[in-house]
Amino acid sequence: MTIPLLKYSPSSQNQRVKSFEIPGDENPPVYTMEGTPSISEVNELIWAAYRQIFNEQQILRSNRQLTLESQLKHNSISVRDFIRGLLLSETFRVRNYDTNNNYRFVEMCIQRVLGRNVYGKQETMAWSIILGTKGRQGFIDALLNSEEYESNFGDYTVPYHRRRVIAQHSMGELPFSQFPRYDQYYRQQLENLGYFQNKAPLSYLWKWQQPPYHPIYLVLSSGFGILGNLLILAGTIYVILTYYGLVNF
């Protein structure tokens, strides 16, 4: 039996408070397919969708989904279906799902799909259970079919960072694109493998070369050092004997 979404208490975050706002740099433009947008407006909408789902850090030519773009331009699919296709694409899975644990993946998807931060650990755990029981596609479908997504974006609007402006603050919230793509857990795994220290997986011998020195490394280094000195000494003696004609081979 599939476990339903557990209940969690929404916190009083900024995007839940409605108030009068003057449009500015911290109020992103809304990209929508409602009405009859021009070709250039549709292209801008597609570009905005890529920025929202893949973030600025992952804007690569290989991430483009040309089939989905064509279907959207011909009104064969809605904007919500286009967002769903980007989230379920192989490139999104490789660059986001495979490189993070379930908790971090849930946080990233809520930021990019619902346009807000998670309310807390309870919400992260509740959606992680959906991800664990229904899989990646079931989790993404649950987000896109949620009442919150429907009421804020619907079928024709690209998700965006809702209400970055904070009352009585000189600056608003940082864009989600400036947050690290990998969480602390994954960065620690990379550090353990040596990617941050040597830019390649560490070998045991390389680890032994770091103080405090491993006993086996000390034995090997001493043995190789003595052997090398003996070879140098033997080579020097051979050259001297050959020079004086004492050795003919």
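In what follows, the structure referred to is the one given above.
Residues numbered from 1 in each chain as written. Predicted model: local features only at pLDDT ≥ 70, side-chain atom pairs only at ≥ 80, totals over all residues. Heavy atoms only, no water.

J.: Got a minute to help me understand the packing of helix 4 (residues 90–97) against helix 5 (residues 102–114) in this structure?
T.: Packed helices, taken two at a time, are described by their axes: the angle between them and the distance between them. Direction vectors running N to C along helix 4 and helix 5 enclose 125°, while the axes themselves pass 11 Å from each other. Of the possible angle classes, the one that applies to helix 4 and helix 5 is oblique. Between helix 4 and helix 5, the residues in contact are Phe92, Asn96 and Tyr97 and Asn102, Phe105, Met108, Cys109 and Arg112, respectively. Of the residues contributing to the contact of helix 4 with helix 5, the split by class is 5 nonpolar, 2 polar and 1 charged. (Axes fitted to C-alpha atoms, helices over the stretch in contact; angles between N-to-C directions. Helix = DSSP H or I, 4+ residues; strand = E, 2+ residues; numbered from the N terminus. Parallel < 35°, antiparallel > 145°, perpendicular 65-115°, else oblique. Contact = heavy atoms within 4.5 Å. Nonpolar A, V, L, I, M, F, W, Y, C, P; charged D, E, K, R; others polar.)

J.: Where do I start with helix 3 (residues 79–87) in this structure?
T.: Residue pairs three or four apart in sequence face the same way in an α-helix, which turns once every 3.6 residues. Of all 9 residues that make up helix 3, 8 are buried, and the element is covered over most of its length. Three or more residues of helix 3 are buried, namely Val79, Arg80, Phe82, Ile83, Arg84, Gly85, Leu86 and Leu87. Considering only its buried residues, helix 3 is in contact with helix 1 (39–54), helix 2 (66–73), helix 4, helix 5, helix 6 (121–144) and helix 7 (147–152). (Buried < 20%, exposed > 50% of the residue type's maximum accessible area, 1.4 Å probe, protein only.)

J.: So what exactly am I meant to see when it comes to the side chain of Arg116 here?
T.: Turning to its location among the elements, Arg116 is positioned in the loop between helix 5 and helix 6. Residue classification places Arg116 among the buried positions, given a relative accessible area of 1%. Polar contacts involving the side chain of Arg116 include one to the side chain of Glu148, which spans 2.6 Å. (Polar contact = N/O pair within 3.5 Å; in protein donor to acceptor, adjacent residues only side chain to side chain.)

J.: Which parts of the structure should I look at to understand the nonpolar core?
T.: Inside soluble globular proteins, nonpolar side chains tend to come together where they are buried. Core analysis: the biggest nonpolar cluster contains 34 residues, and Leu72, Phe82, Ile83, Leu86, Leu87, Phe139 and Leu143 have the highest contact counts within it. At the level of elements, helix 1, helix 2, helix 3, helix 5 and helix 6 are the ones that each hand at least two residues to this core. (Core = buried A, V, L, I, M, F, W, Y, C linked by side-chain atoms within 4.5 Å.)

J.: Any chance you could explain the pattern of salt bridges here in plain terms?
T.: Where charged atoms from two side chains of opposite charge approach closely, those side chains can pair. In this structure the tally under the stated criterion is 11 salt bridges. Notably, a salt bridge pairs Glu123 with Arg116, separated by 2.6 Å at the nearest N-O pair. When sorted by exposure, Glu123 lands in the same class as Arg116, which is buried. One network of salt bridges, with partners in common, ties together Arg116, Glu123, Glu148 and Arg162. (Salt bridge = Lys/Arg side-chain N within 4 Å of Asp/Glu carboxyl O.)

J.: I'm lost on helix 5 in this one. Help?
T.: In this model helix 5 runs 17 Å from its N-terminal to its C-terminal C-alpha over 13 residues, within 8% of the 18 Å that 1.5 Å per residue would give. Burial analysis of helix 5 places 10 of its 13 residues in the buried class, which makes it a mostly covered element. Within helix 5 the residues assigned to the buried category are Arg104, Phe105, Val106, Met108, Cys109, Ile110, Gln111, Arg112, Val113 and Leu114. Residues of helix 5 that are buried in the fold lie against helix 1, helix 3, helix 4, helix 6 and helix 7. Positive phi shows up at Gly115, right after helix 5, with a value of about 75°. (Expected span 1.5 Å × (residues − 1).)

J.: I tried to follow the environment of Asn100 on my own but got confused; where do I start?
T.: Tracing the backbone shows Asn100 in the loop between helix 4 and helix 5. Reaching out from Asn100, the side chain makes a polar contact with the backbone oxygen of Asn96 at a distance of 2.9 Å. In this structure the side chain of Asn100 is engaged in a polar contact, spanning 3.4 Å, whose partner is the side chain of Thr99.

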